[in-house]
Amino acid sequence: RRIFTVTPGDLVKNAVQSMEKHGVSQLPVVSQGKSVGLITEKLVLEGFTGHSGSDLGRLKVRELMEDALPTITENSPQTLVTGLLNHNSAVLVSRNGKIVGIISKSDLFKKLV
């Protein structure tokens, strides 16, 4: 599916607006075509501890992000995907070194119905 990203230098406020606009709860942080981190609704909520809303919104994504999601190739077996999703909220998919998609836990759940 289509992937929405932010950069480390983007404002947290803009990342939250992007999550709301696209109906996602997390955004990979990408720099020069490489995944360098992840920003999530949970991290933003945790950021309210010690920050006012406007102060939090002015932070750079790099100040709040967590480690990058694992990346697999587009023809990786489903067992690898499910194994990675046991420990991560999502997995990035690459083709020829370029990120082309994201698979979340909810994507796997949709295959059940």
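For the structure itself, consult the block above.
Remember, predicted model here, so these are calculated numbers, not experimental data.

What counts as what
Residues numbered from 1 in each chain as written. Predicted model: local features only at pLDDT ≥ 70, side-chain atom pairs only at ≥ 80, totals over all residues. Heavy atoms only, no water. Pairing = 2+ DSSP bridges. Helix = DSSP H or I, 4+ residues; strand = E, 2+ residues; numbered from the N terminus. Axes fitted to C-alpha atoms, helices over the stretch in contact; angles between N-to-C directions. Buried < 20%, exposed > 50% of the residue type's maximum accessible area, 1.4 Å probe, protein only. Arc of directions from axis to C-beta. Contact = heavy atoms within 4.5 Å.

Asks: Help me understand the sheet that holds strand β5 (residues 98-104) in this model?
Replies: Adjacent strands of a sheet pair through backbone hydrogen bonds, lying either parallel or antiparallel. Strand order in this open sheet of 3 strands is β3-β4-β5, and the pairing throughout is mixed. Either end of the sheet is taken by a strand with one partner, and the two such strands are β3 (71-73) and β5. Averaged over all pairs of adjacent strands, the angle between their axes in this sheet comes to 35°, without regard to strand direction. Judged from the 3 bridges that link them, β3 and strand β4 (residues 90-95) form a sheet pairing that is parallel. Residue T73 lies in a different strand from β4, and its bridge partner there is S94.

Asks: What's the story with helix α1 (residues 12-22) in this structure? I'm lost.
Replies: In an α-helix, one turn spans 3.6 residues; hence positions three or four apart end up facing the same way. Buried residues of α1: V12, A15, S18 and M19, and no others. Here the buried residues of α1 occupy an arc of 120° about the axis, which is enough to place them on one side. Exposed side of α1, more than 90 degrees from the buried face: E20 and K21 are the residues found there. Summarising the contacts, the buried residues of α1 are in contact with β1 (26-31), β2 (34-40), α2 (41-47) and α3 (53-58). Where α1 ends, the next residue or the one after it, G23, has phi of about 65°, a positive value.

All we've got here are geometric facts, nothing functional implied.
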